[in-house]
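# Geometric and topological summary
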Amino acid sequence: MSRSSTNILDRPLGRPGGRAEGSVVSLSAFAYIYSELVQYHQQRAASISELERRLESAGYVVGLKVLEMIAYRAKETKRETRLMSILHFVSSSVWKSLFGKAADSLERSIDHADEYMIIDYEPIASTFVSVPPDLGQLSADAYVSGIVAGVLDGAGFSARVTAHSVQVEEGEYTKQGGNSIPGIPPRKDKAVFLVKFSPEVLSRDAALER
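Residues numbered from 1 in each chain as written. Predicted model: local features only at pLDDT ≥ 70, side-chain atom pairs only at ≥ 80, totals over all residues. Heavy atoms only, no water.

### Points about the nonpolar core
Membership of the largest hydrophobic core comes to 45 residues, with the highest contact counts inside it found for Phe 89, Val 90, Trp 95, Leu 152 and Phe 197. For this core, the secondary structure elements donating two or more residues are α1 (27–42), α2 (48–74), α3 (83–99), β2 (115–120), α4 (124–127), α5 (142–154), β3 (159–167) and β4 (189–197). Leaving out residues up to four positions away in the same chain, Val 90 has contacts with Trp 95, Ile 118, Val 148, Val 151 and Leu 152. (Core = buried A, V, L, I, M, F, W, Y, C linked by side-chain atoms within 4.5 Å. Buried < 20%, exposed > 50% of the residue type's maximum accessible area, 1.4 Å probe, protein only. Helix = DSSP H or I, 4+ residues; strand = E, 2+ residues; numbered from the N terminus. Contact = heavy atoms within 4.5 Å.)

### Focus: the packing of α2 against α5
For the pair α2 and α5, interaxial distance at closest approach is 6 Å and the crossing angle is 45 degrees. Classified by the angle their axes make, α2 and α5 are oblique. Seen from above, α2 lies across α5 with right-handed handedness. Here α2 contributes Glu 52, Leu 55, Glu 56, Ala 58, Gly 59, Tyr 60, Val 62, Gly 63, Leu 64 and Leu 67 to the contact with α5, which in turn contributes Ala 142, Tyr 143, Ser 145, Gly 146, Ile 147, Ala 149, Gly 150, Val 151, Asp 153 and Gly 154. Among the residues forming the contact of α2 with α5, the class breakdown is 11 nonpolar, six polar and three charged. (Axes fitted to C-alpha atoms, helices over the stretch in contact; angles between N-to-C directions. Parallel < 35°, antiparallel > 145°, perpendicular 65-115°, else oblique. Left-handed = near helix turned anticlockwise from the far one by under 90°. Nonpolar A, V, L, I, M, F, W, Y, C, P; charged D, E, K, R; others polar.)

### Comments concerning the sheet that holds strand β1 (residues 105–108)
Strand pairing in a sheet takes place through backbone hydrogen bonds and is either antiparallel or parallel in direction. Strand order in the open sheet formed by four strands is β1-β2-β4-β3, with antiparallel pairing between adjacent strands. A single partner strand is all that each edge strand has here, and the edge strands are β1 and β3. Within this sheet the neighbouring strands show an average axis-to-axis angle of 25 degrees, counted without direction. (Pairing = 2+ DSSP bridges.)

### Focus on the pattern of salt bridges
One pass over the structure, following the stated rule, counts eight salt bridges. The closest approach of N and O atoms between Lys 101 and Asp 104, which form a salt bridge, is 3.6 Å. With a closest N to O distance of 3.5 Å, Lys 196 and Glu 115 form a salt bridge. Residue Lys 196 is found in strand β4, and its partner Glu 115 is found in strand β2; the two are separated by 81 residues along the sequence. Using a relative accessible area of 36% as the deciding quantity, one classes Lys 196 as partly exposed. Using a relative accessible area of 12% as the deciding quantity, one classes Glu 115 as buried. Within the structure, one salt-bridge network assembled from shared partners comprises Arg 82, Asp 205 and Glu 209. (Salt bridge = Lys/Arg side-chain N within 4 Å of Asp/Glu carboxyl O.)

### Topic: the packing of aromatic side chains
Within the structure shown, the criterion is met by five aromatic pairs. Residues Phe 30 and Tyr 34 carry aromatic rings whose centres are separated by 6.0 Å and whose planes lie at 0 degrees to one another, so their mutual orientation is stacked. Here Phe 30 pairs with Tyr 34, and both are found in helix α1, just four residues apart, close to one helical turn. Ring centres of Tyr 34 and Tyr 143 lie 5.5 Å apart, and the angle between their planes is 55 degrees; this geometry places the pair in the tilted category. Of this pair, Tyr 34 sits in helix α1 while Tyr 143 sits in helix α5, placing them 109 residues apart in sequence. Looking at Tyr 34, the relative accessible area reads 3%, which means it is buried. Above the face of the Tyr 40 ring, Arg 44 is positioned so that its terminal group lies 3.7 Å from the ring centre. Against the face of Phe 157 rests Arg 204, its NZ or CZ located 4.7 Å from the ring centre. (Phe/Tyr/Trp six-rings, centres within 6.5 Å; stacked < 30°, edge-to-face > 60°. Lys NZ or Arg CZ within 6 Å of the ring centre and 35° of its normal.)

Structural data, given as structure tokens:
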């Protein structure tokens, strides 16, 4: 019996619902599993905020593993030490590993120096989750915000990450190039992942600038 010499950590994650070639997880399979995950935690949560915390906690563990996997594949011994570097790493390398594409935008808050926003016009996690009226304020992308928090915390950048659904303005989605993932319908809203860093992280980053 022959064994594959490829280590599991070296195999691609694939792109849910993306190209047929090289895909490891189909979009329908991912949507089904994630829907079951949301329902599982919904049955055990007493409020919307608790449900979001449960989804974030589930994603947090994944984020720690994703950081470890990417570092292993890159064979990198150094780690990111600057705030903007780790944000670019998350919005590009982490997003590509998970979703097959980089995040659509990385922006800094105008009002708060400790807040940054990662924007995704095609948030796969919430695309096929129907939020009932009694859970209207639920952010189905809370799982992904937990992943981001896990990556940042594992890299030494503690932050509070929350997911928000923001309506896409007229013409905004078209300017970004439109839908790039086959099988996903156009969205009327975008996912905004708000990253609020702890004071210690900001102080350390300011000290490195001097």
